[in-house]
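# Architecture at a glance
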Amino acid sequence: MTKKLLIVESPAKAKTIEKFLGSDFSVRSSYGHIRDLEKGNDLAVEVENNYRPKYVVPADKHKTVKELKEAANKSDEVWLATDEDREGEAISWHLCEVLGLDTASTKRIVFHEITKPAIQKAVQNPRLVNMNVVNAQQARRVLDRLVGWELSGLLWKKVKGQLSAGRVQSVAVKLIVEREREIQHFNITPFFRVVALFLAKNAQGKVVNFKAESPTRFEDSAGAENFLKKCIGADFSVSNIEVKPTRRKPAPPFTTSTLQQEASRKLGFSVNRTMSIAQKLYEAGFITYMRTDSTNMSETALQSIGDEIVKQYGQRYHHLRRYKTKNESAQEAHEAIRPTYVERQDVSGNRDEQRLYELIWKRAMASQMADAELEKTVVDIAVSTHPQANLVAEGEVLKFDGFLKVYLEGTDDEDEESSGILPPLSKGQRLDLEDMTATERFTRPPARFTEASLVKKLEELGIGRPSTYAPTITKIMEDNRGYVTKESREGEERIFQILTLKNNTISKKSGKEITGATKNVLYPSDMGMIVSDFLDSYFDKIMDYGFTASVEAEFDHIAEGKLDWARMIDTFYKPFHQTVEKTLKEADRASGERILGTDPASGRTILVRMSSLGKPVVQIGTGEELDKKEKPRYANLRPGKTLENVTLEDALESFQLPRTLGEYEGEQLEVNTGRYGPYVKFGTQFISLPKGEDPFEISFDRAVQLLQAKKEADKPVGYFEGQPITKGKGRFGPFVKWADLYVNVPTRVNFDQLTEQQAVELIRQKIEKEANRYIHHWPEENISVENGRWGPFIKFGKAIINLPRIEGGKMTADHARSLSLADVRAMIEKEIPGAFDNKKAPGKTSRKKK
């Protein structure tokens, strides 16, 4: 036992650090968290015991823990080197708890970059695990579990099963919902913009044109035309010239939020992709820690960046800047995201890593460079026939590029225009008019959120922290939640008017443009809107942006040792829990129902609502309008329509399905829509329409094309035990089918190039898994005891019931084998009182809340 054991989170980080430490250290990885709150049907928080969390080591971490314990036993001393944020501090504490290390003496080191000097300095200055920071992370984890658990259970009962909600995620969805409604309710109004094109000689004596614009916006074509008429036969002259020097300052180096925004604008990266690449760059030692809200840089970094600027561009380009973060909760001891060695302009990695590194390098360099110096010229042009009016021309000349030599920050403003260079002009100079146009433009609603602009908004509101932005956005976009989608949509054609004055004659014509087109923006679904409205109605405090930000501030106070975490949770949870109980009793089921009018054929009410399956539907007939055994008529909404924007005409069109397209190979070819979406029907075959295709517009030829593609896809990819293996794609993803067995194809397998050998291996694995699935199986009782990811459990109909704990631990599969049917029935009866009454179907009863 001669070596010290140093534990980090990732194997890549371990590999890099090991190169910088001597033979005294052995570096191992915990592969992220080794302990977390228990999952499954258990809250995992002892509310009555001061909110004590119940942590467990997940099954997939048992091997890692075993190996770390063995390594720790063989070492003289164990050191911890997890990341420097709250999550990293919590991982260090969990390692102490699981490995039996004393937090009062176990050495913990932190560093902002994985370089030899930084690692050696950290080893020379170890500290202990900061329990205040750990408690701040525990408070976040426990509070999020409590809120998520109770709100999700409420949504199951009041909206739809399988839904979930969270403290921060629900607020993020609300932002997207509110923005969508703002766009839908925005009143688009036309206006006319007048731009004149003048001729003048440039410095070389060549005649060039330049633009000047009327500062007045005209509300209608009559006003614009009247202005053009007044300019007929007019003389145009320069009435005033204003030249003023301006300066542009560089943006500070990247924080987590600004890196995510800029990588989205310039590289087209999603928030998740940006953080994944940045993590790899950090672990390889190329950049500083990537989860930070500080713009501060160390004195060493400032010196090395300054030297590199002088070396590459000269002394005039260097300007030392020390940035201070506006965010009060930011820790100035942390650093901005920057290269570890600014001399390195290329990294060994894939193209994405090189592109992101280059962005970080340029931003850090530019932050220490001189201002860009510009000269801005504003020219007023008088109209002889219209003394009250004037036209304005603006030009900009770059006198010294400064930081612009390296980097220019992106913008989300689509309307931003850059000023051109004006020819030499003098006061009183007469100008020749080439032409003057009045073009119809339209006011624009606010832009939908992109992932990056949503991060920016969350940061502005103080909701979340650098480590939570990416997980929050990923959560709300998960398919099983169905609250938000990232989409690109085609716009609609719009006609606009153009009036042109040329040679003292006014002409009129129309132009066409595409409006409303979007690319990679966030749309709320109908379900997202219904859930957001429901939570906002009954939990206005939870959904309040200011309150959510104040909770983040309380986590900061816990980290600073100013607030007891259990007391903070108690203050929040008790009134919240009372509101949940009250809502359970008083709230009606939320369906987003909206009455559109009356069906002209039947005279019955036509409405739209969310069905119990979670699909928006059109319904004709309500309970009081129908006969005893009569059911309402239902239809799905047409593509592109939502519960909020569908009209009565749209709803009536939805009942035009099924459509018969014609006869093909002696069978009718039909298009319809069902529980799982629109499809083409051919005999006994059902072929789902690809996403975005409208069943009301699909042609006969397209239906035949889909049918032929389906026949080709259904050809056997091989055979197993004499029976064919086919493949397909269903609502849960790609699968292979053999006999009556369906097997999901994992993402690691290329589905399009799936071989017979791969398919056979997947089938064998599934058969083996099914053989090991049951510990006990009583099909006549609809009861089984099965092996699960988190250990054995009871399945009664559709209900999942945890096995009771024994001797302070979970019941193992070996213990479960000794259970009799009578034992299992007693456990079910305890969890679901009256489960075996004849009136109740198994799995349909509500479980008593623990």
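Read on for a plain summary of the structure.

Moving on: empty space enclosed by the protein. Evaluated as defined, the whole model comprises one cavity of 30 Å³ or more. By volume, the largest cavity is sized at about 40 Å³. Ser170, Val173, Tyr483, Val531, Ser532, Leu535 and Met543 together form the lining of the largest cavity. Per-element accounting of the lining of the largest cavity gives the leading share, three residues, to helix H14 (residues 526-538). Here the residues of the lining of the largest cavity sort into five nonpolar, two polar and no charged.

A separate point is the packing of helix H6 (residues 169-184) against helix H12 (residues 451-461). Interhelical geometry of H6 versus H12 gives an angle of 115° and a closest axis separation of 11 Å. Judged on the interaxial angle alone, H12 and H6 are roughly perpendicular. The two elements H6 and H12 cross, and the hand of that crossing is right-handed. On the side of H6, the interface is formed by Ala172, Leu175 and Ile176, while H12 contributes Leu454, Lys457, Leu458 and Leu461.

The next thing to look at is helix H11 (residues 351-366). If you check H11, its first and last C-alpha atoms are 22 Å apart, about what 16 residues at 1.5 Å a residue would give, namely 22 Å. For H11, the buried fraction is high: 12 of the 16 residues fall into the buried class. Its buried side turned inward, H11 meets helix H8 (256-267), helix H9 (271-283) and helix H10 (299-313). Regarding H11, its N-cap is Asn350, as a side-chain oxygen of that residue lies 3.2 Å from the backbone nitrogen of Asp352 further along.

Summed over all chains, the structure comprises 21 aromatic pairs. With centroids separated by 4.8 Å and ring planes inclined at 45°, the aromatic side chains of Tyr317 and Phe400 adopt a geometry described as tilted. With Tyr317 in the loop between H10 and H11 and Phe400 in strand S13 (residues 390-400), the pair connects residues that are 83 residues apart, well separated along the chain. Per residue, the accessibility class of Tyr317 equals that of Phe400, and both read buried. Ring pairing ties together the aromatic residues Tyr51, Phe539, Phe547, Phe572, Tyr573 and Phe576, which thus form one cluster. Above the plane of the ring of Phe400 lies Arg316, whose end atom (NZ or CZ) is 3.7 Å from the centre.

Moving on, we get to the pattern of salt bridges. Summed over all chains, the structure comprises 58 salt bridges. A salt bridge links Asp85 to Arg291, with the shortest nitrogen-to-oxygen separation between them at 3.3 Å. Here Asp85, found in the loop between strand S7 (77-80) and helix H3 (86-99), pairs with Arg291, found in the loop between H9 and H10; they are 206 residues apart in sequence, far enough to count as distant. Each member of the pair, Asp85 together with Arg291, is buried. Among the ionic pairs, Arg825 bridges to Glu781, the shortest N-O distance being 2.8 Å. Taken together, the residues Arg825 in helix H21 (residues 821-831) and Glu781 in the loop between strand S31 (774-778) and strand S32 (783-786) connect sequence positions 44 residues apart. The class for Arg825 is partly exposed, based on a relative accessible area of 29%. Classification of Glu781 as partly exposed rests on a relative accessible area of 27%. Ionic contacts of the salt-bridge type, sharing partners, join the residues Arg247, Lys249, Arg316, Arg321, Asp371 and Glu373 into one network.

What counts, and where the lines are drawn
- Residues numbered from 1 in each chain as written.
- Predicted model: local features only at pLDDT ≥ 70, side-chain atom pairs only at ≥ 80, totals over all residues.
- Heavy atoms only, no water.
- 1 Å grid on protein atoms, 1.4 Å probe; cavity = no way out; pocket = protein on both sides within 12 Å on 5 of 7 lines; lining within 4 Å.
- Points joined across faces, edges and corners; volume = space filled by probe spheres on them.
- Helix = DSSP H or I, 4+ residues; strand = E, 2+ residues; numbered from the N terminus.
- Nonpolar A, V, L, I, M, F, W, Y, C, P; charged D, E, K, R; others polar.
- Axes fitted to C-alpha atoms, helices over the stretch in contact; angles between N-to-C directions.
- Parallel < 35°, antiparallel > 145°, perpendicular 65-115°, else oblique.
- Left-handed = near helix turned anticlockwise from the far one by under 90°.
- Contact = heavy atoms within 4.5 Å.
- Expected span 1.5 Å × (residues − 1).
- Buried < 20%, exposed > 50% of the residue type's maximum accessible area, 1.4 Å probe, protein only.
- Polar contact = N/O pair within 3.5 Å; in protein donor to acceptor, adjacent residues only side chain to side chain.
- Phe/Tyr/Trp six-rings, centres within 6.5 Å; stacked < 30°, edge-to-face > 60°.
- Lys NZ or Arg CZ within 6 Å of the ring centre and 35° of its normal.
- Salt bridge = Lys/Arg side-chain N within 4 Å of Asp/Glu carboxyl O.

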